[in-house]
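# Reading the structure
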Amino acid sequence: MADPELDQETDAPPPAVAPLLARANAPWLAAPAELLQRMHSQARFPHGLLLIGAPGGGQAELGLRLAAELLCRVAGPGRCGRCADCLLFDAGNHPDFRWLRVAAGKKEIAIAQARALTGQLSMRSYRGGAKVALVDPAEAMNVHSFNALLKTLEEPAEDTYLVLATSRADRIPRTIASRCMRLRVPLPERGAAQAWLAGMGPQRDWEALLALANGAPFLALDYAEAGLEGIDAEMREALARAADSAADLVAKAKSWADHAPAARLLWLESWLARELKAAGQSSDLVNNNRLPWLRGPGRDTKIRSGHRLLDRVREARRLAGGSLNLQLLFEDLLVSVAAFLAEGTQRAQE
Ligand SMILES: [Zn+2]
């Protein structure tokens with residue numbers, strides 16, 4: 001299914017298959033992988049599969065592993081790793097596999113990419129086996145790209161499989177989701193995740209990285225590679241100072257937009273969600289220490305405005321993948337957070 005014109009147009013770099021396939025062997029992905037292997041061996045593998053997980057939860061890695069297994073024609077569960085199909089796949093050259101992703105420098109999967117994929121999936125298999133496409137992340141498609149894929153799902157060609165990986169099930173149109181088997185990819189327990197991460201390199205603060213990644217080990221690995229261990233302390237300090245003075249908010253917003261904006265948005269969301277959850281449990285013993293800005297009279301109003309702010313952070317995280325001015329977004333959020341924290345401190349002092 002190689003299409004030199006399309007590759008030129010989208011400037012797609014050759015995908016590095018091996019590191020992601022290695023991750024796909026992580027223990028917490030074994031159960032969903034085995035379920036789908038069973039379906040495959042009973043000729044019940046779905047033509048459309050929607051893998052849903054947390055950001056960095058392993059849905060893309062699992063999707064890649066399933067694609068490799070569908071393309072290997074040696075009998076037995078899993079893949080053999082030695083046949084011509086497996087070798088082509090590992091080299092990133094299997095002609096019956098398409099990996100639809102956001103091209104370098106782009107923020108969306110282009111409609112042209114989705115249309116080309118539909119065309120390729122309707123043609124005969126190059127190697128006489130299955131044809132498989134992985135769309136990752138599926139939420140990077142817009143409504144027109146999704147529409148282009150509908151035909152593939154409505155009239156699937158024989159032995160043709162479309163695997164969509166997403167951390168944003170709410171952004172997958174119902175017309176698409178309803179034609180797919182939906183499978184939630186679980187996150188491991190904290191202890192298991194830390195043990196697995198320790199095996200990847202003992203010299204890192206995995207506990208901090210895992211917390212920063214909301215418990216998703218692959219995201220923690222990506223954060224480690226990007227050297228983001230310090231983000232938690234940095235964000236806490238920034239918020240503490242944001243409440244004091246709004247003077248350097250613009251500079252702060254610029255530096256956040258330039259460096260790890262997605263990690264910072266995820267941090268803001270989980271910080272606010274955690275604080276509000278603790279406030280909701282309303283144990284003063286805990287909250288007097290943790291949430292001075294949520295104490296005292298007017299607490300319920302504060303909590304309500306906190307939830308509104310959380311909605312805005314979530315919306316910002318949704319929009320951040322699109323064509324959005326990140327600096328303005330962070331300025332706006334920082335002003336709101338600063339106002340929120342300052343108001344809380346005043347209330348607590350009253
Ligand atoms: Zn094989």
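The numbers attached to residues start from 1 for each chain and follow its sequence in the written order. Thresholds applied to this predicted model are a pLDDT of at least 70 for local features of residues and 80 or more for the giving and counting of side-chain atom pairs; totals over whole chains, interfaces and linings are not thresholded and use all residues. No hydrogens and no water enter the side-chain calculation; it runs on all heavy atoms of the structure.

This paragraph deals with the pattern of salt bridges. Counted as salt bridges are all cases of a side-chain nitrogen of Lys or Arg within 4 Å of a carboxyl oxygen of Asp or Glu. All chains considered together, the criterion is met by 15 salt bridges. Here Glu154 ties to Arg179 by a salt bridge, and the two come within 3.2 Å at their closest N and O atoms. With Glu154 in helix 7 (residues 143–154) and Arg179 in the loop between helix 8 (174–177) and strand 5 (181–184), this pair connects stretches of sequence that are 25 residues apart. You can call Arg179 partly exposed: its relative accessible area is 36%. Residue Arg312 is joined to Asp332 by a salt bridge in which the shortest nitrogen-to-oxygen separation is 2.7 Å. Of this pair, Arg312 sits in helix 16 (residues 299–319) while Asp332 sits in helix 17 (residues 326–349), and the two are 20 residues apart along the sequence. The exposure class assigned to Arg312 is partly exposed, which follows from its relative accessible area of 34%. Numbering of helices and strands runs from the N terminus; a helix is a DSSP stretch of H or I covering at least four residues, while a strand is a stretch of E covering at least two. Residue burial is assigned from relative accessible area. The probe radius is 1.4 Å, only protein chains are included, and a residue is buried under 20% of its type maximum, exposed over 50%, and partly exposed in between.

With that settled, consider the sheet that holds strand 5. With respect to topology, five strands assemble into an open sheet ordered 2-3-4-1-5, the strand pairing being parallel. Two strands close off the open sheet at either side, each with one partner strand: strand 2 (97–100) and strand 5. Shown here is a sheet whose adjacent strand axes are inclined to one another by a mean of 15°, direction ignored. Contacts between helix 3 (residues 30–41) and the sheet are confined to strand 1 (48–52) and strand 5, with strand 5 contributing the most and set at about 155° to the helix. Sitting on the sheet, helix 4 (residues 59–71) is in contact with strand 1, strand 2, strand 3 (131–135) and strand 4 (160–166), with an inclination near 175° to strand 3. Strands are labelled as partners when DSSP assigns at least two bridges between them. Axes, fitted as lines to C-alpha atoms, cover a helix only where it is in contact. Angles between the N-to-C directions of the axes lie from 0 to 180 degrees. Throughout, a contact is declared for two residues whenever any of their heavy atoms are within 4.5 Å.

Checked against the element boundaries, Gly56 lands in the loop between strand 1 and helix 4. Between the C-alpha atoms of Gly56 and Pro217, which are 161 residues apart in sequence, the distance is 7.0 Å. Dropping the residues within four chain positions of it, Gly56 is found in contact with Ala216, Pro217, Phe218 and Leu219.

The subject of this paragraph is the packing of aromatic side chains. Only rings of Phe, Tyr and Trp enter the pairing, Trp through its six-membered ring, and a pair is recorded when the two centres are within 6.5 Å. The plane angle decides the type: under 30 degrees is stacked, over 60 is edge-to-face, the rest tilted. Scanning the entire structure with this criterion turns up eight aromatic pairs. Taking the centre distance of 5.5 Å and the plane angle of 65° together, the rings of Trp196 and Phe218 count as edge-to-face. With Trp196 in helix 9 (residues 190–200) and Phe218 in helix 11 (residues 217–225), the pair connects residues that are 22 residues apart, well separated along the chain. Judged by its relative accessible area of 16%, Trp196 falls in the buried class. Take Phe218: its relative accessible area is 0%, and that puts it in the buried class. Ring centres 5.9 Å apart and planes at 10° place the aromatic pair Trp267 and Trp271 in the stacked group. Of this pair, Trp267 and Trp271 both sit in helix 14 (residues 261–281), four residues apart, which is roughly one turn of that helix.

What follows covers the packing of helix 6 (residues 111–122) against helix 7. The geometry of helix 6 relative to helix 7 is characterised by a closest axis approach of 8 Å and an angle of 5° between their N-to-C directions. Regarding the angle of helix 6 to helix 7, the classification is roughly parallel. Between helix 6 and helix 7, the contacting residues are Ile111, Ala114, Arg115, Leu117, Thr118 and Leu121 on the first element and His144, Ser145, Ala148, Leu149, Lys151 and Thr152 on the second. Split by residue class, the contact of helix 6 with helix 7 holds six nonpolar, four polar and two charged. Here roughly perpendicular refers to angles of 65 to 115 degrees, roughly parallel to angles under 35, roughly antiparallel to angles over 145, and oblique to all remaining angles. Note on residue classes: Ala, Val, Leu, Ile, Met, Phe, Trp, Tyr, Cys and Pro are nonpolar, Asp, Glu, Lys and Arg are charged, and everything else, Gly too, is polar.

Moving on: the coordination of the zinc ion. Excluding water, the donors of a metal are its N, O and S neighbours within 2.8 Å, or within 3.2 Å for Na, K and Ca, and that exclusion means sites may look incomplete. Around the zinc ion, the donor atoms from the protein are Cys72 (SG), Cys80 (SG), Cys83 (SG) and Cys86 (SG), and they sit 2.3 to 2.4 Å away. Working rule for geometry: tetrahedral if four donors all subtend angles between 85 and 135 degrees; square planar for four, octahedral for six, if opposite donors exceed 155 degrees and the others stay between 65 and 115; irregular in every other situation. For the zinc ion, the four donor atoms are set out with angles of 104 to 117° between them, so the coordination reads as tetrahedral.

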